[in-house]
Amino acid sequence: MTNSIEELGSADVLLVTGSNTTETHPQIGRNILEAVDGGAKLIVIDPRRTDLAKEAHIHLNLRPGTDIALINCMMRIILDEDLADDLFISMRTENFIPLRDYLHRLDLDELSATTGIELKKIHEAACIYARSSKSVICYCLGVTQHSCGTDNVQAVANLAMLTGNVEKKHSGVDPLRGQNNVQGACDMAALPAVLPGYQAITDSAIRDRFQAVWKREIPAVPGLSLTEMTHSGKDGAIRAMFIMGENPLISDPHLSRVQETFENLDFLAVSDIFLTETAQHAHVVFPAASFAEKRGTITNSERRVQLCRQAIPPIANCRPDSEIIMELGKRLDCPGMDFESSDEIMEEISLLTPIYGGMHYDRLEQSHGLQWPCWNRDHEGTEFLHKYYFTRGKGQFTITRHQEPAERPDRTYPYTLVTGRGSYHHYHTATMTRNSKRLVREYPEALLEINAQDAKTLQLQDGEKVELLSRRGKVRITITITDRVQPGTVFSSFHFFEVPINQLTTSVMDPKSKCPEFKVCSVNLQKVKHD
């Protein structure tokens, strides 16, 4: 997030796109609803009528996969209405003229038709967002999990810069991270092309700094993304895997490809707090300690590094992640695997990672956390980013063009399946929540949301089971008839291993981020015939 969570409560306009915030990020959702109660305007961009969308002043229920067309339409309207922040554009950005000229060549009626949203409604939303100097954009996986996800994010950045809604409090662009400490994992280089602190692995000077401390040569070539690894297949280069806190046999797309990869590995080790579906295929399972059984830090969406204090000793023979990694490292003759505490690990992080340069346990003990970048011991942390300059100097406008999803409805597969990973009672692969009897009682099985119009066409009744098919597989699932989805669109989560929805999703990826297109695939529904 460029800005802080508490700033949401004082924003005048909140534009939430691709995020079912009240279900997947309930604390942030609470801040948004409190802002609305205080008079803020809420604009929600989502193909579903989520609970948050019901609270919105304007709900832009776009056709799935048309985010760029919608944002380009909004920017063109902002230009036509002379609502762009010309001073900010001239002083803080570059490459505006090519984008402006491109937007002026677009036809607003065509863009409106592409999104499926009335132009008058888009016009109203664009003007509300642009007329405020305290407008915030929040987005999540509904923006990124497309074959053009990187361009979707760039379009969002274009919109914020066009109106000058960055560099100050109560504005900005806030990506909501999907799970606890995802931000921290990325900060610590759980990504294939960077070292801790997003330092490029291709930079020889940076590699030299790390090599001097780690006493090992660091590859200069980026590694593979998650999907590239789990979809390498039986003849792929990946022969062994060590998986920590991930359940790709439920969460990855096109699961038959994942299963093929795992069945042909020479060795699979898994570290987790439960025996997940993936762990059940492992040759070795390391029982990991939960958050309550270890000391360490968690970095949340607003870049705040917080100290997590141990509440109880590790249960049975469970061990903290760091201990598991260090013991494995020692057996592989890796130097530097002899830290005596998580405090010592943080000292090395602050030494090698500039944005964490001022992060030390004695400081974290005495605060509610510090937000990076925090350059040194005297630095107070950074409440919001880009106050005087962007990381690259000036913000760069980039032309983004509408791209259709990899799959579109046809006669064989006439419906669009949108997937999500959150509900009020379960999250992601539900590894933890399905171990709670109360949560299972409230949400016991997988459900497929379908519009009443489509249910009538298919002669389906609420609670009936259907066979849901795509080009990659099929599952049986119970339907729930609702107005949350538009005609022609169905929705489900992938919480339940009994109904592996990701058997259906496509492994087509964004060529830049390598993120799969979870949010759009073509499907068909068939009534289940009873014997």
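Keep in mind that what you see is a predicted model, and the values were worked out from it rather than measured. (Residues numbered from 1 in each chain as written. Predicted model: local features only at pLDDT ≥ 70, side-chain atom pairs only at ≥ 80, totals over all residues. Heavy atoms only, no water.)

**Student:** How should I be thinking about helix α6 (residues 96–104) in this particular structure?
**Tutor:** Since one α-helical turn is 3.6 residues long, residues separated by three or four positions face the same way. Taken residue by residue, α6 has Phe96, Leu99, Tyr102 and Leu103 as its buried positions. Axial view of α6: buried residues confined to an arc of 130°, hence all on one face. Against the buried residues of α6 lie α4 (67–80), α5 (86–92), β4 (93–94) and α10 (149–162). (Buried < 20%, exposed > 50% of the residue type's maximum accessible area, 1.4 Å probe, protein only. Helix = DSSP H or I, 4+ residues; strand = E, 2+ residues; numbered from the N terminus. Arc of directions from axis to C-beta. Contact = heavy atoms within 4.5 Å.)

**Student:** What is the right way to look at unusual backbone geometry in this model?
**Tutor:** Negative phi is the rule for most residues except glycine; trans is the rule for most peptide bonds. For the peptide bond that leads from Trp372 to Pro373, omega is 0°, which places it in the cis range. Residues other than glycine seldom take positive phi values, yet Glu167 does so here, at roughly 70°. When you line up the elements, Glu167 lands in the loop between α10 and β6 (173–175).

**Student:** Teacher, can you tell me more about the sheet that holds strand β10 (residues 267–272) here?
**Tutor:** Backbone hydrogen bonds hold the strands of a sheet together, and the pairing may be parallel or antiparallel. Spatially, 3 strands are ordered β9-β10-β11 in an open sheet, and the strand pairing comes out parallel. A single partner strand is all that each edge strand has here, and the edge strands are β9 (240–244) and β11 (284–287). Averaged over all pairs of adjacent strands, the angle between their axes in this sheet comes to 10°, without regard to strand direction. Bridge analysis of β10 against β11 gives 4 bridges, and the strand direction is parallel. Within β11, the residue paired with Asp272 across the bridge is Pro287. Lying on the sheet, helix α16 (residues 321–331) is in contact with β9, β10 and β11; it crosses β9 at an angle near 155°. (Pairing = 2+ DSSP bridges. Axes fitted to C-alpha atoms, helices over the stretch in contact; angles between N-to-C directions.)

**Student:** Before we go on, may I ask you to explain the nonpolar core in this structure?
**Tutor:** Leu15, Leu60, Leu70, Ile78, Tyr129, Leu159 and Leu162 are the most contacted members of the largest nonpolar core, which totals 49 residues. Sort the elements by how many residues they give to this core and α4 lands first, with 10 residues. Sequence-distant contacts of Leu60, defined by excluding residues within four places in its chain, comprise Ile43, Val44, Ile45, Asp46, Leu70, Ile117, Lys121, Ile122 and Ala125. Leu448, Leu468, Ile479 and Val499 belong to the second largest nonpolar core, which has 22 residues in total. (Core = buried A, V, L, I, M, F, W, Y, C linked by side-chain atoms within 4.5 Å.)

**Student:** I would appreciate a short explanation of helix α2 (residues 26–37) in the present structure.
**Tutor:** The end-to-end C-alpha distance of α2 is 16 Å, a good match for the 16 Å that 12 residues give at a rise of 1.5 Å each. Listed as buried for α2 are Ile28, Gly29, Asn31, Ile32, Ala35 and Val36. Down the axis of α2, the sector holding all buried residues measures 155°, keeping them to one side. Along α2, the residues that are exposed and aim more than 90 degrees away from the buried face are Gln27 and Asp37. (Expected span 1.5 Å × (residues − 1).)

**Student:** It is not clear to me how the environment of Met509 should be interpreted in this structure. Could you clarify?
**Tutor:** Inspection of the secondary structure puts Met509 in the loop between β20 (489–493) and β21 (521–527). Relative accessible area serves as the criterion here: at 26%, Met509 is assigned to the partly exposed category. C-alpha of Met509 to C-alpha of Cys148: the two residues are 361 residues apart in sequence and 8.2 Å apart in space. Excluding anything up to four places from it in sequence, Met509 contacts Ser147, Ser225, Thr227, Glu228, Lys514, Cys515 and Pro516.

**Student:** Is there a simple way to think about the pairing of strand β1 (residues 13–17) in this case?
**Tutor:** Along a regular strand, successive side chains alternate from one face of the sheet to the other. In terms of burial, β1 is largely enclosed, as 5 of its 5 residues are buried. As paired elements, β1 and strand β5 (residues 135–139) share 5 bridges and run parallel to each other. Pairing of Leu14 across the sheet is with Val136, part of β5.

**Student:** I tried to follow the domain arrangement of the protein on my own but got confused; where do I start?
**Tutor:** Interfaces are often sized by the amount of accessible area the parts lose when they come together. When the domains of the protein are assigned, the result is domain 1 (5–176), domain 2 (182–371) and domain 3 (415–527). Placing the centre of domain 2 and that of domain 3 at their C-alpha centroids yields a distance of 30 Å. Every contact between the two is made by 17 residues of domain 2 and, on the other side, 18 residues of domain 3. Buried area between domain 2 and domain 3, summed over both chains or domains, comes out near 1,500 Å², and the portion from carbon and sulfur atoms is 66%. Between domain 2 and domain 3 we count 1 salt bridge in total. Here Lys514 and Glu228 are joined by a salt bridge, their closest N and O atoms 3.9 Å apart. (Domains from an automatic or database assignment. Buried area = accessible area lost by both parts, 1.4 Å probe. Salt bridge = Lys/Arg side-chain N within 4 Å of Asp/Glu carboxyl O.)

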